[in-house]
Amino acid sequence: MSKSIAIIGGGNLGISIAEGLLAGGFTEASKITVTRRNITLLQPLQQKGIRVTDNNPVAAKDADVVLLAVKPFQVKEVLREIAGVITPDKIVVSVVTGVSIPELAAELPSGVPVFRAMPNTAIAIRESMTCIAFHKAGKPQVDLVMEIFTQLGRVAMIDEQLMDAATVLGACGTAYAMRYIRANIQGGIEIGFDAATASLIAAQTVKGAAELLLLKGTHPEYEIDKVTTPKGCTIAGLNEMEHQGFSSSLIKGISASFGKIQKG
Ligand SMILES: NC(=O)C1=CN([C@@H]2O[C@H](COP(=O)(O)OP(=O)(O)OC[C@H]3O[C@@H](n4cnc5c(N)ncnc54)[C@H](OP(=O)(O)O)[C@@H]3O)[C@@H](O)[C@H]2O)C=CC1
Ligand SMILES: O=C(O)[C@@H]1CCC=N1
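Residues numbered from 1 in each chain as written. Chains lettered and ligands numbered in written order. Predicted model: local features only at pLDDT ≥ 70, side-chain atom pairs only at ≥ 80, totals over all residues.

The protein chain appears in an unreviewed UniProt entry as Pyrroline-5-carboxylate reductase from Flavihumibacter petaseus NBRC 106054. The protein chain has a UniProt comment under Function (unreviewed entry) that states "Catalyzes the reduction of 1-pyrroline-5-carboxylate (PCA) to L-proline." (UniProt positions renumbered as here; feature names shortened; annotations may be inferred.)

Caption draft 1: Main features of the overall build of the protein chain. Each helix and strand counted, the protein chain has 11 helices and eight strands in total. If one aligns the C-alpha atoms of the protein chain with their principal axes, the spans along those axes are about 70 × 40 × 30 Å. Expressed as a percentage of the 264 residues in the protein chain, the buried residues total 31%. Looking at the protein chain alone, contacts between residues at least 24 apart form 62% of all its contacts between residues at least 6 apart. (Helix = DSSP H or I, 4+ residues; strand = E, 2+ residues; numbered from the N terminus. Buried ≥ 20, exposed ≤ 12 C-beta atoms within 10 Å, placed from the backbone. Contact = placed C-beta atoms within 7 Å.)

Caption draft 2: Quick look at the site of ligand 1. Around ligand 1 sit 26 residues in total, of which Gly 9, Gly 11, Arg 37, Asn 38 and Thr 97 are the nearest. Element by element, the count of residues in the shell around ligand 1 is highest for helix α1 (residues 12-24), at three residues. Tallied by class, the residues present in the shell around ligand 1 amount to 11 nonpolar, 12 polar and three charged. (Near = placed C-beta within 6 Å. Nonpolar A, V, L, I, M, F, W, Y, C, P; charged D, E, K, R; others polar.)

Caption draft 3: Fine view of the environment of Asn 56. Within the fold, Asn 56 resides in helix α3 (residues 56-61). Residue classification places Asn 56 among the buried positions, given that 24 C-beta atoms sit within 10 Å. A C-alpha to C-alpha distance of 23 Å links Asn 56 and Asn 120, two positions 64 residues apart in sequence. In this structure Asn 56 touches Ile 8, Thr 35, Val 78, Glu 81 and Ile 82, once residues within four positions along its chain are discounted.

Caption draft 4: Summary view of the sheet that holds strand β2 (residues 32-35). Spatially, the eight strands line up as an open sheet ordered β3-β2-β1-β4-β5-β6-β7-β8, and their pairing is mixed. A single partner strand is all that each edge strand has here, and the edge strands are β3 (51-53) and β8 (153-157). Across this sheet, the average inter-strand angle for adjacent strands is 25 degrees, counted without regard to direction. Bridging between strand β1 (residues 5-8) and strand β4 (residues 65-68) involves four bridges; their strand directions are parallel. Residue pairing across strands places Ile 5 opposite Val 65, the latter belonging to β4. Contacting β6 (114-118) and β7 (128-135), helix α7 (residues 163-190) runs over the sheet at an angle of about 35 degrees to β6. (Pairing = 2+ DSSP bridges. Axes fitted to C-alpha atoms, helices over the stretch in contact; angles between N-to-C directions.)

Caption draft 5: Representation of the confidence of the model for the protein chain in the model. When the pLDDT values of the protein chain are averaged, the result is 96; 100% of them are 70 or greater. The ipTM, which scores confidence in the relative placement of chains, is 0.96 for this predicted complex, and the corresponding pTM is 0.92. (pLDDT = per-residue confidence, 0-100.)

Caption draft 6: Region of interest: the site of ligand 2. Neighbouring ligand 2 are the residues Thr 97, Thr 167, Ala 171 and Cys 172. Residue composition of the shell around ligand 2, grouped by class: two nonpolar, two polar and no charged.

Caption draft 7: Structural detail: unusual backbone geometry. One non-glycine residue with positive phi stands out, namely Arg 126, at about 60 degrees. Mapping Arg 126 onto the fold places it in the loop between β6 and β7. You can call Arg 126 partly exposed: it has 15 C-beta atoms within 10 Å.

Caption draft 8: Representation of the environment of Ala 59 within the structure. With respect to the helices and strands, the residue Ala 59 is situated in helix α3. Sequence-distant contacts of Ala 59, that is, excluding residues within four places in its chain, are made with Ala 6, Ile 8, Thr 33, Thr 35 and Thr 53.

Caption draft 9: Structural detail: the packing of α7 against helix α8 (residues 195-216). In the contact formed by α7 and α8, the axes pass within 8 Å of each other and the chain directions differ by 135 degrees. By the angle class used here, α7 and α8 are oblique. The handedness of the crossing between α7 and α8 comes out as right-handed. Across from Ala 177, Ile 181, Asn 184, Ile 185, Gly 188 and Ile 189 in α7, the residues of α8 making contact are Ala 195, Ala 198, Ser 199, Ile 201, Ala 202, Ala 203 and Val 206. Taken together, the residues that form the contact of α7 with α8 break down as 10 nonpolar, three polar and no charged. (Parallel < 35°, antiparallel > 145°, perpendicular 65-115°, else oblique. Left-handed = near helix turned anticlockwise from the far one by under 90°.)

Caption draft 10: Quick peek at the pairing of β6. When you tally the buried positions in β6, you get five out of five residues, the bulk of the element. Burial of β6 is two-sided: the residues Val 114, Arg 116 and Met 118 facing one way and the residues Phe 115 and Ala 117 facing the other way are all buried. Of the pairings in the sheet, the one linking strand β5 (residues 91-94) to β6 comprises three bridges and is parallel in character. In the strand pairing of β6, Val 92 is matched with Val 114. Where β6 meets β7, five bridges bridge the pair, whose relative direction is antiparallel. Among the inter-strand pairings, Val 114 is bridged to a residue of β7, identified as His 135.

Below is the structure:
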């Protein structure tokens, strides 16, 4: 029998997860419930057969898996609201940034398995990178959470202490990649393409480069060596990018995002 899942907080990420779960066939639409206070914004999900409500305890009571996708400052209030219906046979999964498993578990009855997962918005098309951490969960619960997220992209099991780093590299990373692609589009237009053609070339080129690494397991520099003809245009462009601080600016940006999470 397929599992039921309640997504508490149907915003950007909550909706993306619901869409991904539906597309992946994890469970039928009627077994997915999404909550938020302003449920009119969930109508597109409702039209797909997903249940929507503003009643968190009712949604959580009916679910095998309760997935928390509210903003960090909202999560404790939500947990207090649903704690009474969370029994140890349920699994709680939080995608909330910067709230630790002990902080989440402190608001719940003892014995409830608590997971943190850090996906990104590509979960809507089942191409997420999701890092997962847990304390004190049994194999069946771990297997179920893995099953959910492997349908939605790739998964890495990590120590919870790396969750902030995972947030930066995996979740913020989608925005960094978009900015890189946008810059390519801007450059592409400057050298002659219309915006639509530049967008297609930039996005598919980045996708192909990523697939080379994922499918072949090679190092980026190995693939770069194959593109850089001696005295050619690729190395001229790459070196100019590095003179302008390309890699350094990315590393500093990643570090700034990480610092921001750790400050709270
Ligand atoms: N966006 C991303 O790429 C990623 C986000 N995250 C984390 O996921 C979480 C959600 O982020 P994101 O989706 O971007 O944020 P959003 O603000 O888009 O979504 C949060 C949702 O929670 C709902 N909400 C607020 N209070 C309640 C409540 N009491 N009961 C039910 N629903 C409630 C809000 O709707 P309403 O006001 O109508 O109730 C809103 O739709 C955050 O903690 C974020 O750090 C993690 C990884 C990636
Ligand atoms: O920007 C943020 O704080 C959240 C965390 C990861 C993606 N969005």
